[in-house]
Amino acid sequence: MTSKIVIIGAGFAGLWAALASARQLEMAGKVDAVEIILIAPEPTLYIRPRLYENDVSTALAPLGDLFALTGVRYVQGTVHKIAVTENVVEYISPNGTASTLLFDRLILASGSKLFLPEAVKGLAEYSFDTDQMEGAIKLDAHLKSLAKLPDSPARNTVVVCGGGFTGVEVASEMPQRLRGILGEGVDVKVVVLERGDSINFMGPKSSSVVQDTLASLGVEALTSQTVASIDADGVTTVAGTRIPSKTVIWTAGMRASSLTAQIPAERDEIGRLFVDQNLKVIGVDDVYATGDTAHVAADDKGHLALMSCQHAMILGKSAGNNAMADLLSLPQTPYSQPTYVTCLALGPWGALFTTGWDREVSLVKEEGYKMKTQINTQLIYPPTNRAEAFAAADPTLQLAV
Ligand SMILES: Cc1cc2nc3c(=O)[nH]c(=O)nc-3n(C[C@H](O)[C@H](O)[C@H](O)COP(=O)(O)OP(=O)(O)OC[C@H]3O[C@@H](n4cnc5c(N)ncnc54)[C@H](O)[C@@H]3O)c2cc1C
Ligand SMILES: *[C@@H]1O[C@H](CO)[C@@H](O)[C@H](O)[C@H]1NC(C)=O
């Protein structure tokens, strides 16, 4: 009888889990023993790290051919129920029909979403975001539509809520992007509202580069600001500051996929499941979690894997490899990712590339931008043939940057 591995999600983690499990199966010489099934709404990798860019039309990659080449069965659907004790998932096909899939091992790779706190009034209704492809396209259409409105401070102002990685990348693009749409002579205003007392997510070694660059681009950083409400004409802070704006972009915080709540196990404050170093959910047999749904140490020095593409790719390879090894009673390879880099796009200035967890400045401006381009157009795109896919799916490879 054929056993089944079911992978939920076709993001960085799900894709690489599928390729790594196929690689492990082939190495074991048992391709007929296990069926690898990947379920996701579309057979497409959406490149979320590129969604801050002006033009997101190429920030995706079709996966159907690659799945066929590597022996992965793709099922189109959205999972709404995971029954761990029955080893079954329930999903809805695009035609609205509900179906089930049985699994011997499950790999949860359903990613994360931007978190919209209910305490912020008008947030879901009036804010924009760059979290998923749909949101990025909606923001782009909205920005272009501003050109038809009469000149006003609200039209000419973009407010970015959240001065973290995504907020800073989006805000840095905005002055130039707005002038491109509204006209070079228009007095555009871009404001970042940050709850903390400074924009310091890059740590002591790199934050001053970020702060100085934002200032040089004409992006105003307002710190110690908590957003109270958003409406069609602007944003109001808890302290009562009002900023007129037709474009309020929310970037403040991510949460793991709501499917994590269906696994009877402990989760962290952002919804990620606690997993062991083989990425099996602690206390739950047969279920692995990976990518943005997993809470796990990246090294033995106390660093946790982040909700990042960089971590999701290797977490995916580890989970796929280990779930298959588990099923075939082969030795597993514990997840370990000591190498860590950061590449932050800063609009027309270029990009800041740092190495290590203390974020030592390594490349700036044009040199950093070349690295960002290489990452965003090559390194994180999927391979196109089977040999390359299996070579790259080795879970012990670190990212080559
Ligand atoms: C604007 C932006 C910029 C970023 N920049 C960077 C960066 O520079 N560097 C970096 O390392 N990271 C960056 N990230 C983070 C990175 O994109 C994520 O950490 C990464 O995408 C996580 O991969 P994942 O596979 O876990 O999840 P995702 O990429 O979110 O994929 C989840 C998959 O699961 C599917 N899915 C979800 N729910 C279901 C369901 N119920 N049923 C079936 N399928 C489901 C989705 O359709 C999708 O295929 C950025 C993110 C954003 C939004
Ligand atoms: C809906 O789609 C599924 C999966 O493709 C298929 O098995 C099923 O027969 C379809 N149902 C209807 C009513 O078309």
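Residues numbered from 1 in each chain as written. Chains lettered and ligands numbered in written order. Predicted model: local features only at pLDDT ≥ 70, side-chain atom pairs only at ≥ 80, totals over all residues. Heavy atoms only, no water.

In this structure, Ile-8, Ile-82, Val-89 and Ile-263 are the most contacted members of the largest nonpolar core, which totals 81 residues. Top contributing element to this core by residue count: helix 1 (residues 12-27), with 10 residues. Setting aside anything within four residues of it in sequence, one finds Ile-263 in contact with Ile-82, Val-84, Leu-108, Leu-273, Val-281, Val-284 and Val-287. Residues Val-192, Leu-217, Leu-344 and Ala-345 belong to the second largest nonpolar core, which totals 30 residues. (Core = buried A, V, L, I, M, F, W, Y, C linked by side-chain atoms within 4.5 Å. Buried < 20%, exposed > 50% of the residue type's maximum accessible area, 1.4 Å probe, protein only. Helix = DSSP H or I, 4+ residues; strand = E, 2+ residues; numbered from the N terminus. Contact = heavy atoms within 4.5 Å.)

Around ligand 1, the surrounding shell holds 31 residues, and the nearest of these are Ala-13, Arg-48, Val-79, Asp-292 and Cys-309. Within the backbone of Phe-12, an N or O atom sits 3.0 Å from an oxygen atom of ligand 1. At a separation of 3.3 Å, an oxygen atom of ligand 1 approaches a polar side-chain atom of Lys-372. Out of a free accessible area of 1,000 Å², ligand 1 has 86% covered by protein chains. (Near = heavy atom within 4 Å. Polar contact = N/O pair within 3.5 Å; in protein donor to acceptor, adjacent residues only side chain to side chain. Areas by Shrake-Rupley, 256 points an atom, 1.4 Å probe, with all protein chains shown as cover.)

When the UniProt feature table is mapped onto this chain, "domain: FAD/NAD(P)-binding" (unreviewed entry) is found at residues 4-312. Helix makes up 26% of residues 4-312 and strand 28%, whereas the separation of the span's terminal C-alpha atoms amounts to 22 Å. (UniProt positions renumbered as here; feature names shortened; annotations may be inferred.)

Turning our eyes to something else, we now look at unusual backbone geometry. Phi at Arg-359 is positive, roughly 55 degrees, even though this residue is not glycine. Counting through the fold element by element, Arg-359 comes out in the loop between strand 23 (351-355) and strand 24 (360-363).

Position of Gln-337 among the secondary structure elements: in the loop between helix 8 (309-327) and strand 22 (341-345). Within the structure, the side chain of Gln-337 is placed 2.6 Å from the side chain of Tyr-335, a separation counted as a polar contact. Residues contacting Gln-337, with those up to four places away along its chain left out, are Ala-298, Gln-310, His-311, Ile-314, Gln-398 and Leu-399.

It is worth spelling out the site of ligand 2 at this point. In the neighbourhood of ligand 2, the contacting residues comprise Ser-93, Asn-95 and Thr-97. In the environment of ligand 2, an oxygen atom lies 2.4 Å from a nitrogen or oxygen atom belonging to the side chain of Asn-95. Thr-97 is positioned such that a nitrogen or oxygen atom in its side chain is 3.4 Å from a nitrogen atom of ligand 2. Relative to its free-state accessible area of 370 Å², ligand 2 is covered by the protein chains to the extent of 28%.

With antiparallel pairing, three strands are arranged side by side in an open sheet as 6-7-8. Whereas interior strands pair on both sides, the edge strands pair on one side only; in this sheet they are strand 6 (78-83) and strand 8 (98-102). The sheet shows a mean angle of 25 degrees between the axes of neighbouring strands, direction not considered. (Pairing = 2+ DSSP bridges. Axes fitted to C-alpha atoms, helices over the stretch in contact; angles between N-to-C directions.)

Take the sheet that holds strand 12 (residues 189-193) next. Judged by pairing direction, the sheet is parallel, and its four strands sit side by side in the order 13-12-11-17 without closing on themselves. With one partner strand each, in any of the chains shown, strand 13 (219-222) and strand 17 (247-250) form the two edges of the open sheet. When the angles between neighbouring strand axes are averaged without regard to direction, this sheet yields 20 degrees. Taken together, the four bridges between strand 12 and strand 13 define a ladder with parallel strand orientation. Residue pairing in the sheet places Leu-193 in a bridge with Leu-222 of strand 13. Contacts between helix 6 (residues 165-182) and the sheet are confined to strand 11 (157-161), strand 12, strand 13 and strand 17, with strand 12 contributing the most and set at about 170 degrees to the helix.

Turning our eyes to something else, we now look at the UniProt feature "signal peptide" (unreviewed entry) in the chain. The sites that UniProt annotates as "signal peptide" (unreviewed entry) are residues 1-22. Helix makes up 50% of residues 1-22 and strand 27%, and the two end C-alpha atoms of the span are 18 Å apart.

Within the structure shown, the criterion is met by 21 salt bridges. With a closest N to O distance of 2.9 Å, Lys-372 and Glu-169 form a salt bridge. With Lys-372 in helix 9 (residues 365-379) and Glu-169 in helix 6, this residue pair connects regions lying 203 residues apart in the sequence. Residue Lys-372 shares its accessibility class with Glu-169, and that shared class is buried. Asp-268 is paired through a salt bridge with Arg-272; the nearest N and O atoms lie 2.9 Å apart. Residues Asp-268 and Arg-272 agree in their burial class; the two are buried. Salt bridges sharing partners connect three or more residues here, namely Lys-4, Glu-35 and Arg-73. (Salt bridge = Lys/Arg side-chain N within 4 Å of Asp/Glu carboxyl O.)

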